[in-house]
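# Structural characterization, general
This is what each chain is made of:
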Amino acid sequence: MEAIIEFFGRLAEIPANTWITQVYLGLVNGSVLILLALGLTIIFGLMGIVNFAHGTFYMTGAYLGWLTLRLTGNFWIALIVAPILTGLLGAGIELTMLRRVYNKRESVYLGILITFGLSFLGPDVMRFFFGKTGLPYVTPALLDGTAFSIAATNFSRYRLFLIGSAFSLILLMWLLLKKTNLGLIIRAGISNSRMVEVLGIEIRNVWTATFGLGTALAALAGVLVGPIFAVQPTMGDMIIIQSFIVVIIGGLGSLIGAVISALIVGQVLTLFPLLPHLQQLADVVIYLLMAFVLLVRPRGLFGEEGVGE
Amino acid sequence: MLTLKNVNSFYGLSQILHDVSLTVGDGETVGLLGRNGAGKSTTLNTIMGLLQQRTGSINFNGIEMAGLKPSAILHTGVGLVPEDRGIFHNLTVLENLKIGYLAGKNIWSFDEYQKYVFGLFPRLKERLKNPGKKLSGGEQQMLSMARALGSKPKLLMIDEPMEGLSPEYVERIRQTLLAMKEHNVAILIVENNIKLALDICQRIYFIEKGVIRYEGSSREVRDNPGIRLRYLGVS
Amino acid sequence: MSGSTALKQTPNPSSVKSLFAFAVGLIILFAWPLFAQYTPIFTSLATEIIIFSLFGIAYNMALGYTGLISLGHAAFFGFGGYFTGAMLKFFGLPVILSLMLALVASSILGVVFGFICLRKTGVYFTLVTLAISQMLYYVAQMWIGVTGGHEGMAGIPRLGLGQWVELTNNPKGQYWFVASVAGISVYMLWRMVNSSFGKVMQAVRENEERANTCGYNTKRVKYVAFIISGAFSGLAGSLYLISQEFFGIENIYWTMSGAVLIITLFGGTEVFLGPFVGALLFLLMKDSFSHYFEYWQILTGTLFVAVVLFLPEGILGSIVTFFSNRVLRRLPKKEA
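Structural notes, computed from the coordinates. Please read these numbers as outputs of a predicted model, since none were measured by experiment.

## Re the overall build of chain C
Across its full length, chain C holds 14 helices and 2 strands. A compact globule built from 336 residues should have a C-alpha radius of gyration of about 20 Å, and chain C, at 20 Å, falls within 12% of that. Principal axes of the C-alpha set define a box for chain C whose edges measure 60 × 50 × 40 Å. Here chain C holds 336 residues, and the buried ones make up 54% of them. Restricting to contacts in chain C with at least 6 residues of sequence separation, those with at least 24 account for 75%. For chain C, the accessible area works out to roughly 14700 Å², and carbon and sulfur atoms hold 68% of it.

Encoded structure:
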């Protein structure tokens, strides 16, 4: 009992602006995770491929963004060019490698292996070209500094921009999926890709486009985090696991699930370290959260029956 | 119109169809009957290109279809309403219809298409905004058929449309099939209700263990209970 | 992992010819340290290859024999290592006893781990194994008192087998010890694969539904296979600690699970000794190539993707298939 009182006592001592800051930072985390998880879940839903290389594309985007920034000195160009290049790379990989395995019996399994192999070689490719140490991005002048302050908490412009970009992209993705024929085909394909073919649609091209789109989103996330974290060869290793957890909690193949779960995980990651005595568990807690969700809802929050089983 | 010659088809190493030959004429309604596991659905899936391991010749209006992908086969004018109906559960009825229409967008307008299918299935119009998973079995069957008509196929293959439906829906679908005959759509139907099959079809094939055993007009089959007894075990 | 029907195995040792091959193999294995210095595979590298062969063969009990794609075996490897280290360091137990206890403890971990993960199938299984093993990684990271956290577990006392054999600072002694323990373990696994239980495991992999209708409790078969797989993966971790006299935290990080997956796939999942070839190749690339080209993962990763795309049976598996087709004039495995 005393321990509980003490726990809440210490909790109450935490100043309000600390909470606000952490919620804010959690939103930044969540935004990055949304961009990654959306691609992962669409690729999985449509093609049945668990893309282990997603973290590698995230990293590739960050490096290509750095390179573009270095060459042009313009962050905005980097923000557009790097995702496009990475998306093309992803589409190329889909065309040359993943396409070969769809028809086989163990396509899920072979997809994991191929993308895993890519994630294994990716970091060394970047070390080879860019060196082992982290590379800093320069925050564009327009986004430098503080946007406004609430309760002695400074909201940096850049982080606001990042959150805004992520949510604009969610909106764009939503429009794409709900309002266009391509989106219609993607959603139908997630439900039953064979039937889409039977209805006369060449779904393989849609697969390539979707894989490219997913990797481009990951790359965009990579460029966006550039000014916040240094760009490193190992930056994908860590976030890919977090993204997987987001997708599992949200339900494999579910888009709304990916968004909501990313926001939850983002908050948990930043708020948990505030709790007295429990800080040490902060790294583990998202795994516990995942275990708990799977226990209560075996297919995640919004997962559909039969997907991925 | 559709001619199969000595078609063999495989699942892995096991052969399902043995030298299947059959024809469907222009605007003709043909029934494919047989016991469970005789190879009825496999025949339809093979024509549609869903089974990659196949030999023999499948000719549709002069186009050799062996080796084509399902999407290419559809564009020659063949539609399939599969046994499981293949509804996109997360899409609304309208969206399901839109997908079906995409392959026919150069042939007719979406309004024309809607008018046509709602004429056949008025029920679908009431459920336009419902997701596929909320539909009853009969509604799903109607949606699946309506969707397959989106590309304006010249031949529609339908796999056991009446299975598990209430008499009311069976009648509705029977009416639709007869109406489609009027529109000069050829039909290849798998149907195990012999009465219904004889009612709708002009010709009947009996298939047994992947081999076509009998071919004849509906009249012959109707007049000859021995044939029904021999191939279906009912008279 | 093509849809082949029969699982290819090492030749039956009852025939004279294979007994001879077996004996020659055994002699080469044990004599290696005597001429290792003249080869690129010096003794300590050979020790590592043997340990990872054991790890791969144990891993393959789950992957190749029951079709379970785990990405959580780093948890077993790491747990085995830390557990053995703790027994040696904090309790001063003898080496052999520590290993036996580690085997038991890893089995228990397998019981718990499998209980949670095997409730899931397919992709969920893979992702949940990955997540749970990552959880253990963070536990290891926090529990600095035992594991040393990021510094790694050091300060292992001088090791030996009684007063006869010195293991610390004695690569040859370590090699012979590791080879003996691994050899016995691999022999046990081999017996298991060829037992009636092994046949059931393969039946489950080939067609789970059919095995189920044949009256086998396929869930239980997978569970048992997973526990055995985990137990010997843990033992491999123990041997690694003993041979390194140190245990870094990267041994329980998820990339270690990836490494064993690569090792197993390189060799081929359908051949019992496939992971040995995989470990040889993987560690040669890692240790030797990295002298010439620091970024060895580029080569290894490329080769891995190529193997997955073009040699789905793995390297040893493809060789075996090639020769058995030639020699036995078997029909091609698959029709186009």
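Following the structure, the description resumes.
## Let's talk about the sheet that holds strand β4 (residues 54–60) of chain B
All names here are of chain B. Strand order across the open sheet formed by 4 strands is β2-β1-β4-β5, with antiparallel pairing between neighbours. The open sheet has two edge strands with one neighbour each: β2 (14–24) and β5 (63–64). Bridging between β4 and β5 involves 2 bridges; their strand directions are antiparallel. The residue bridging Phe60 from the neighbouring strand is Ile63, located in β5. Along the sheet face, helix α1 (residues 40–47) touches β1 (2–11), β2 and β4 and points at about 110° away from the line of β1.

## Considerations on the side chain of B:Ser9
Mapped onto the fold, B:Ser9 is located in strand β1. Each residue touching B:Ser9, except ones within four places of it in the same chain, is listed here: B:Ser14, B:Gln15, B:Ile16, B:Leu17, B:Thr42, B:Thr46, B:Leu51, B:Gln53 and B:Arg54.

## Structural notes on the packing of helix α4 (residues 75–96) of chain A against helix α8 (residues 203–225) of chain A
All names here are of chain A. Where α4 contacts α8, the axes come no closer than 7 Å and their chain directions differ by 145°. Every pair of crossing elements has a handedness; the one defined by α4 and α8 is right-handed. Facing Phe75, Ala78, Leu79, Ala82, Pro83, Thr86, Gly87, Gly90, Ala91, Glu94 and Leu95 of α4, the residues of α8 in contact are Trp207, Thr208, Phe211, Gly212, Thr215, Ala216, Ala219, Leu220, Val223 and Leu224. A per-class count over the contact of α4 with α8 returns 14 nonpolar, 6 polar and 1 charged.

## A look at the side chain of C:Thr47
Residue and element names in this part refer to chain C. Tracing the backbone shows Thr47 in helix α2 (residues 43–66). Assessed through its relative accessible area of 2%, Thr47 is described here as buried. Thr47 has contacts with Pro171, Gln174, Tyr175, Val178 and Ser243, leaving out every residue within four places of it along the chain.

## Observations concerning helix α11 (residues 282–296) of chain A
With 15 residues, α11(A) should reach 21 Å at 1.5 Å per residue; the first-to-last C-alpha distance of 22 Å fits that figure. Buried residues of α11(A): A:Ala282, A:Val284, A:Val285, A:Ile286, A:Tyr287, A:Met290, A:Val293 and A:Leu294, and no others. In this structure, the buried residues of α11(A) make contact with α9 (235–250) and α10 (255–271) of chain A together with α5 (122–142) of chain C.

## Focus: the pairing of strand β8 (residues 186–190) of chain B
Working note: regular strand, side chains alternate between the two faces of the sheet. Residue and element names in this part refer to chain B. Within β8, 5 of the 5 residues are buried, leaving the element largely enclosed by the surrounding structure. In β8, alternate side chains face the same way, and those of Ala186, Leu188 and Val190 on one face and Ile187 and Ile189 on the other are all buried. Judged from the 4 bridges that link them, strand β3 (residues 29–33) and β8 form a sheet pairing that is parallel. Bridge pairing in β8 places Val30 opposite Leu188. Here strand β7 (residues 155–159) runs beside β8; their pairing, made up of 5 bridges, is parallel.

About the criteria used
- Residues numbered from 1 in each chain as written.
- Chains lettered and ligands numbered in written order.
- Predicted model: local features only at pLDDT ≥ 70, side-chain atom pairs only at ≥ 80, totals over all residues.
- Heavy atoms only, no water.
- Helix = DSSP H or I, 4+ residues; strand = E, 2+ residues; numbered from the N terminus.
- Rg over C-alpha atoms; globule rule 2.2 N^0.38 Å.
- Buried < 20%, exposed > 50% of the residue type's maximum accessible area, 1.4 Å probe, protein only.
- Contact = heavy atoms within 4.5 Å.
- Areas by Shrake-Rupley, 256 points an atom, 1.4 Å probe, with all protein chains shown as cover.
- Pairing = 2+ DSSP bridges.
- Axes fitted to C-alpha atoms, helices over the stretch in contact; angles between N-to-C directions.
- Left-handed = near helix turned anticlockwise from the far one by under 90°.
- Nonpolar A, V, L, I, M, F, W, Y, C, P; charged D, E, K, R; others polar.
- Expected span 1.5 Å × (residues − 1).

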